[in-house]
Amino acid sequence: MDKNKLKISTKSLKEIANITKEPEWFNLIRKKSMYENYDLKFPNLHSMNLEEWGLLDFDINTFIEDNNYVFNKEEFAEEINFEEESIVIIQKSNKLVYLDIPERFKSLIFVNDIFTAMNNNSDKFKDTFTKITTTNKNKISSLHYVLLNSGIYIEVEDNAIIDIPIQYAVIVDKVEHSLYNHLALNVGKNANINFIENYISKENQKSFNIISEVLLLENANVNYSSVTNFSNNQKGTILRNAYTNRSSVINWNIAAMDNADVFHDNTTNLLGDGSEGNLKIVTLGTDKQKVYFNSELVNQGLNTNGDILQHGVLLDESHIVFNGVGFIVKGASGSNAYQSSRLLTLSDKAKSDANPMLLIDENDVAAGHGASLGKIDEEQIYYLKSRGLSQKEASRLLVHGFLSPVIEKLSVKKVQEKAVELIDTKINK
């Protein structure tokens, strides 16, 4: 089988539409994306080849849903703290199974599964969906829109100050369910939210494809944190993209604690004057895992600020690539673009790459980048061992310190504890 040819027909797309109950206009997008996919290319990655990942191998039967599922809070107690006041959204096996919005916020935030949002087809939904991550960006994005089978749409009203976390948990616990998940987030003027997503995979699915789109209107502030935990033998892609308007701020805090091979593509377009984008990433590679991060901040408005911080630790025969791009376009005067990538290797068989790039088309700007690749500091290990710690305990402590700049930004204690637990599990393994 040709790994790079999508084996699906218009008849299959109609079958999918019958399952999802989607409107005709989106089924037409599926068909258009299917034809585009034949000619589009995978992203050209330094030292990795997505063509070898088998991302286009798909079975129509994986769309089957369990309509008899009954929600039970105890089933999710490990991942969600139901005692803490928060907005809780839980998705299981491609379906929205639980939504809890405290009464005082019900007029400020609206949540629907992605297909209900399509049928409602509001103006704000149309401003976000497929507009930030287009269908023809590359072979990955077109594949996503051909096979999309789950997701949510969140709309935050103007001037809404949501002072409790919004927790979005996606549980994948059936190997026969493929995940082509889409999050569309539209944040109104002067609104402020703390959004936390948690992807938990308990089965070894073949592949996954995720897109998150975030639109920030004027003076909006979004703290977007994510913990992913996909299993061994999986291969997948995660695209996160955002548009900012005047004076809006988005802070990305990404903890990629997967055992799967994953391509991450995060692009934030700083469109509005005075807007800001900050991207913090931590990851820990084990076994023969391959992880690639393409991180881009594009300064397009006046006086915009972009900052990328990436930290990774490599164990065993893992391979991590940090590709960072700061792009200040012509006319974006008074803007700043900074980035720093650091990779810490704990194994002679691991491979690390850091590719910092600055593309500057304007004079009145400030920009800088840095990258470091190296082994764990033996003097620090010696110092900790002299204080009674074992080699393993000393290494664990240094790894936690190295990854802490992002972990401490995960503002929900339960999620923070989960990320620390996943780090420890990987180190102990």
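This text goes with the structure placed above it.
Note that the coordinates shown come from a computational prediction; the quantities given were computed from them, not determined experimentally.

With respect to the overall build of the protein
- If you tally the helices and strands in the protein, you get eight helices and 19 strands.
- Computed over the C-alpha atoms, the radius of gyration of the protein is 21 Å, within 12% of the 22 Å expected from 2.2 N^0.38 for a compact globule of 429 residues.
- By the burial criterion, 56% of the 429 residues in the protein qualify as buried.
- Across the protein, every contact between residues at least 6 apart in sequence was considered, and the portion connecting residues at least 24 apart equals 82%.
- Distance from the positive charge centre (45 side chains) to the negative charge centre (57 side chains) of the protein: 4 Å.

Observations regarding the packing of aromatic side chains
- Here the structure, examined in full by the defined rule, presents 17 aromatic pairs.
- Both rings, one in Phe195 and one in Tyr224, keep their centres 5.0 Å apart while their planes meet at 45°; by these two values the pair is tilted. Of this pair, Phe195 sits in strand β7 (residues 192–201) while Tyr224 sits in strand β9 (residues 221–229); the two residues are 29 residues apart in sequence, bridging distant segments of the chain.
- In this structure Tyr224 comes out as buried when scored by relative accessible area, which is 0%.
- Among the aromatic residues, ring-to-ring pairing joins Trp25, Phe26, Phe125, Phe129, Tyr145 and Tyr153 into one connected group.
- Above the ring of Trp53, the side-chain terminus of Lys235 is found at 5.7 Å from the ring centroid.

Some remarks on the pairing of strand β15 (residues 305–314)
- The element β15 is largely enclosed, with a buried count of eight among its ten residues.
- Pairing of strand β13 (residues 276–285) with β15 involves ten bridges; the strand directions are parallel. Paired with Glu276 across the two strands is Asn305, which belongs to β15.
- Direction of pairing for β15 relative to strand β17 (residues 336–345): parallel, over a ladder of ten bridges. Of the residues in β17, the one forming a bridge with Asp307 is Tyr338.

Considering the nonpolar core
- In terms of nonpolar packing, the biggest core is built from 52 residues, with Ile109, Ile154 and Ile193 touching the most fellow members.
- Among residues more than four places away in sequence, those in contact with Ile154 are Ile89, Ile109, Phe110, Val111, Leu183, Ala184, Leu185, Asn186 and Phe195.
- If you look at the next biggest cluster of nonpolar residues, it comprises 36 residues, including Phe26, Phe42, Leu239 and Val321.

Observations concerning unusual backbone geometry
- For Asn121, which is not a glycine, the phi torsion comes out positive at approximately 55°.
- Counting through the fold element by element, Asn121 comes out in the loop between α3 (114–120) and α4 (123–128).
- Here the phi dihedral of Ser247 falls at roughly 60°; this positive angle occurs in a residue that is not glycine.

Structural notes on the sheet that holds β17
- What the ten strands build is an open sheet, ordered β2-β1-β5-β7-β9-β11-β13-β15-β17-β19; its pairing is mixed. Whereas interior strands pair on both sides, the edge strands pair on one side only; in this sheet they are β2 (95–100) and β19 (366–375). For this sheet the average axis-to-axis angle between neighbouring strands, irrespective of direction, equals 10°.
- Of the strand pairs in this sheet, β7 and β9 are connected by nine bridges, and their pairing is parallel. Across the sheet, residue Ile193 finds its bridge partner in β9, namely Val222.

Here we look at the pattern of salt bridges
- Applying the stated criterion across every chain, the model contains 16 salt bridges.
- Across the pair Arg104 and Asp163 runs a salt bridge whose closest N-O atoms are separated by 3.5 Å. Placement of the pair is Arg104 in the loop between β2 and β3 (109–113) and Asp163 in the loop between β4 (150–156) and β5 (166–172), with a sequence separation of 59 residues.
- Taken together, the salt bridges that share partners define one network made up of Glu85, Arg104 and Asp163.

A short note on helix α5 (residues 139–147)
- In terms of residue burial, α5 counts as a mostly covered element, since nine of its nine residues are buried.
- If you check which residues of α5 are buried, you get Lys139, Ile140, Ser141, Ser142, Leu143, His144, Tyr145, Val146 and Leu147.
- Packing partners of the buried residues in α5 comprise α1 (10–20), α2 (24–37), β6 (179–187), β8 (207–216), β10 (235–244) and β12 (261–270).
- Among the residues of α5, the N-terminal cap falls to Asn138, whose side-chain oxygen and the backbone nitrogen of Ile140 are separated by 3.0 Å.

As for the pairing of β7
- With nine of its ten residues buried, β7 lies for the most part within the structure.
- Relative to β7, β5 runs parallel, the two sharing seven bridges. Bridging from a neighbouring strand, Val172 pairs with Ser201 of β7.

Focus: the side chain of His144
- With respect to the helices and strands, the residue His144 is situated in helix α5.
- We classify His144 as buried; its relative accessible area is 0%.
- Side chain to side chain, His144 and Asn209 meet in a polar contact 2.8 Å long.
- Residues within four places of His144 in sequence aside, it is in contact with Tyr180, Asn181, His182, Asn209, Ile210 and Ile211.

The rules behind the values
- Residues numbered from 1 in each chain as written.
- Predicted model: local features only at pLDDT ≥ 70, side-chain atom pairs only at ≥ 80, totals over all residues.
- Heavy atoms only, no water.
- Helix = DSSP H or I, 4+ residues; strand = E, 2+ residues; numbered from the N terminus.
- Rg over C-alpha atoms; globule rule 2.2 N^0.38 Å.
- Buried < 20%, exposed > 50% of the residue type's maximum accessible area, 1.4 Å probe, protein only.
- Contact = heavy atoms within 4.5 Å.
- Lys, Arg positive; Asp, Glu negative; His and termini not counted.
- Charge placed at Lys NZ, Arg CZ, Asp CG, Glu CD.
- Phe/Tyr/Trp six-rings, centres within 6.5 Å; stacked < 30°, edge-to-face > 60°.
- Lys NZ or Arg CZ within 6 Å of the ring centre and 35° of its normal.
- Pairing = 2+ DSSP bridges.
- Core = buried A, V, L, I, M, F, W, Y, C linked by side-chain atoms within 4.5 Å.
- Axes fitted to C-alpha atoms, helices over the stretch in contact; angles between N-to-C directions.
- Salt bridge = Lys/Arg side-chain N within 4 Å of Asp/Glu carboxyl O.
- Polar contact = N/O pair within 3.5 Å; in protein donor to acceptor, adjacent residues only side chain to side chain.

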